[in-house]
Amino acid sequence: MRVSMLKGYISKVYFSNYAKRWALLFLGPPGVGKSVSVREAAEGIAGKLGKKFVYFRVHWKNGRWIIENVDGDKDIFEVLNNHENYFVLVDVRLSQVPPEDLSGIPRSLEKITFYEPLAWVAILSVCPGIAFFDEFTQIERPDTQSASYQLILDKMAGFVGFNKDVLVVAAGNRPEHSSVAHLISTGLAGRFKFIEVEPPTVDQWMDWMNKTYGDKWDKRCYAFLKRFESEGYLLQVPKEPEVLHQYPSPRSWTETALELKEGFDSDDDLCGLLGVEVGSKLGAFLGLPIDIEGYIAKPELFLELSKRADRGEEKAIDSQYMVSCMLGSWFIQHTKHCEKAFKLLDAMASVQHEFVVITFMVMGRGMKPAQVLQRLFSYNKHYQEILEEIVLE
C-alpha cells in the first residue's frame, strides 16, 4: 500500500465494525511517512467525530502537568475529566522505553501491591483515540518486548484496559531496512493485520508537500526528482545495516526542501541531508543559470534546449525540467498576466507533455492555479486533455 493511502485506510478501519478489532502493523523502509500518516489520520478522525484532537505530549509547566496541543496547552486533568470531548493520539517509541513505562509503577496500599498506570494509559482508558506503537520491530530489551505484547494481545497496559474506541496501530522496519529490526513471534503475528507500506511516488510526495507547506518549500526539489525519477532518488536506503551518513528518503527530502527555502543551499547542507552522491547532484542541478523571463520572451529557446537534449546533453535535459518548475512559480506570482507565458507552454507541449504537467503540479491547488487553468483552456482547449488528471483531482 502506498503511504499516501494510509491516512484514508486508517480512518476506514477506525469507523468499521469488525476491522478495527485487529491491530495494524505497518512495515516499510524508514523515512517514508508512516508516523506522519498515523497522525494525519488521527486528526481527520477527530474532525469527523466532532472532537478536539490531542497529540499526547506531557510536560511540567507552572506547577501542572500539561499536554501540548495545536490549539493551546491542556491540563491533563481537563482531558481526563472531560474525556468525551477529546480524541487522543498516543505515540510511544517502543525502542526507547523501559518495561515499567508500559505496565505502570508498582505501588503498595494496605499491604496490597498494584500497578499505578502512567498518564498515557489513564488517558487511553477513558478517551477514544489511537494507540500508536512506533519502532515495534526494533525493541532491544526482552522485558520491554514481553510487556509490549500485552498492548497488542489484550489492548491493555498493566492491568488497565484501553477504551473500546481505541485503535491499536504499530509500525516498524524489516531487518533488511534496519540492523536492529527483529522478527516477532508467530503468536503475536497472529494478532496483527500486516500492511506493507511503499514510499510515495514523486508526484504524491509533491502533492503532500503542497498541501502541508504550500509555497514554504523549494519546489526545485520536485523538478530534480522528476528529472531523475527513474534513478529512484526519492528513497535510497543504504545496503549497509549501519552507516554514518544520511540518505535520500521522503523525510530527508522534506527537510531539504524546507531548508533550501531558508537559504541552506551549500554542499554541506545538501550532502548532510541526502548523502554525498545525491546531494552533490542536486547542488549542480540548482546551479543551472535559468532566466525564466528570457524563456518567456523567447519560447524558441526551449526548442533549442530540446535539440541539445536530443543530442544527449545532460545540462540541456536538466534545464528543461528546471524551466518547467520555475514557470509554475512564475504563474503564481504573475497570475493576472499569465497569458504572457502561454507561448512558452506551447513550446514545452510540442516537446513533451510532461513538462506542462510539471509546471501545474508545482503550482498546486487554489484560486491562482484555477485562474491560470481557466485562461489557458480558453486559449487552447487541447490543454484540457494534457492536464486532465490535475483538473479531475
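Note that this is a predicted model, so its numbers are computed, not measured.

Colleague: What's the story with the packing of helix α9 (residues 220-227) against helix α12 (residues 276-286) in this structure? I'm lost.
Modeller: For any two helices packed against each other, one specifies the inter-axial angle together with the distance between the axes. For the pair α9 and α12, interaxial distance at closest approach is 11 Å and the crossing angle is 115 degrees. One element, α9, and the other, α12, form an angle in the roughly perpendicular class. Between α9 and α12 lies a crossing of right-handed hand. For the pair formed by α9 and α12, the contact residues are R220, A223, F224 and R227 on the first element and V278, K281, L282, F285 and L286 on the second. Of the residues assigned to the contact of α9 with α12, the class counts are 6 nonpolar, no polar and 3 charged.

Colleague: Can you help me understand the layout of surface pockets in this one?
Modeller: Space left empty within the atom packing is revealed by a probe, the size of a water molecule, rolled over the atoms. As a volume, the largest pocket reaches approximately 1200 Å³. Lining the largest pocket are 45 residues; nearest its centre among them are G31, V32, G33, K34 and V36. Secondary structure elements with two or more residues in the lining of the largest pocket: α2 (34-49), β12 (166-172), α8 (202-213) and α10 (250-261). When the residues that make up the lining of the largest pocket are grouped by side-chain class, the tally is 17 nonpolar, 14 polar and 14 charged. Volume-wise, the second largest pocket comes out at about 280 Å³. Residue lining of the second largest pocket: 14 residues in total, with K261, M326, S329, W330 and Q333 positioned closest to the centre. Here the lining of the second largest pocket gets 6 residues from one element, more than from any other, and that element is helix α15 (residues 314-333).

Colleague: Even after reading the chapter, I still don't get the sheet that holds strand β13 (residues 192-196), so can you show me in this structure?
Modeller: One key point about sheets: their strands pair by backbone hydrogen bonds, in either a parallel or an antiparallel sense. Within the open sheet, the 6 strands sit side by side as β2-β6-β9-β12-β1-β13. Their pairing is parallel. One side of each edge strand has no neighbouring strand; the edge strands of this open sheet are β2 (52-55) and β13. Each adjacent strand pair in this sheet contributes to an overall mean axis angle of 20 degrees, direction not counted. Here helix α1 (residues 6-14) sits on the sheet in contact with β1 (23-27), β6 (86-93), β9 (129-134), β12 and β13, set at roughly 170 degrees to β1. Lying on the sheet, α2 is in contact with β1, β2, β6, β9 and β12; it crosses β6 at an angle near 165 degrees.

Colleague: Quick question: what am I supposed to make of the packing of aromatic side chains here?
Modeller: Two descriptors summarise a pair of aromatic rings, namely the distance from one centre to the other and the angle between the planes of the rings. Scanning all chains against the criterion turns up 19 aromatic pairs. Pairing Y14 with F87 gives two aromatic rings, centres 5.5 Å apart and planes at 80 degrees, and the pair type is edge-to-face. Taken together, the residues Y14 in helix α1 and F87 in strand β6 connect sequence positions 73 residues apart. The pair formed by Y14 and F87 is uniform in burial state, with each residue classed as buried. Ring geometry for W205 and W217: centres 5.4 Å apart, planes at 75 degrees, overall edge-to-face. Placement of the pair is W205 in helix α8 and W217 in the loop between α8 and α9, with a sequence separation of 12 residues. Across the pair, W217 and W205 agree in class, each one buried. What links up through ring pairs into an aromatic cluster is the set F224, F228, Y233, W253 and F285. Between the NZ or CZ atom of K20 and the centre of the ring of Y14, over which it lies, the distance is 4.7 Å. Just above the ring of Y55 sits the side chain of R39; from NZ or CZ to the centre is 4.3 Å.

Conventions used here
- Residues numbered from 1 in each chain as written.
- Predicted model: local features only at pLDDT ≥ 70, side-chain atom pairs only at ≥ 80, totals over all residues.
- Heavy atoms only, no water.
- Axes fitted to C-alpha atoms, helices over the stretch in contact; angles between N-to-C directions.
- Helix = DSSP H or I, 4+ residues; strand = E, 2+ residues; numbered from the N terminus.
- Parallel < 35°, antiparallel > 145°, perpendicular 65-115°, else oblique.
- Left-handed = near helix turned anticlockwise from the far one by under 90°.
- Contact = heavy atoms within 4.5 Å.
- Nonpolar A, V, L, I, M, F, W, Y, C, P; charged D, E, K, R; others polar.
- 1 Å grid on protein atoms, 1.4 Å probe; cavity = no way out; pocket = protein on both sides within 12 Å on 5 of 7 lines; lining within 4 Å.
- Points joined across faces, edges and corners; volume = space filled by probe spheres on them.
- Pairing = 2+ DSSP bridges.
- Phe/Tyr/Trp six-rings, centres within 6.5 Å; stacked < 30°, edge-to-face > 60°.
- Buried < 20%, exposed > 50% of the residue type's maximum accessible area, 1.4 Å probe, protein only.
- Lys NZ or Arg CZ within 6 Å of the ring centre and 35° of its normal.

So, to be careful, I would describe these as geometric facts and stop short of saying anything about function.
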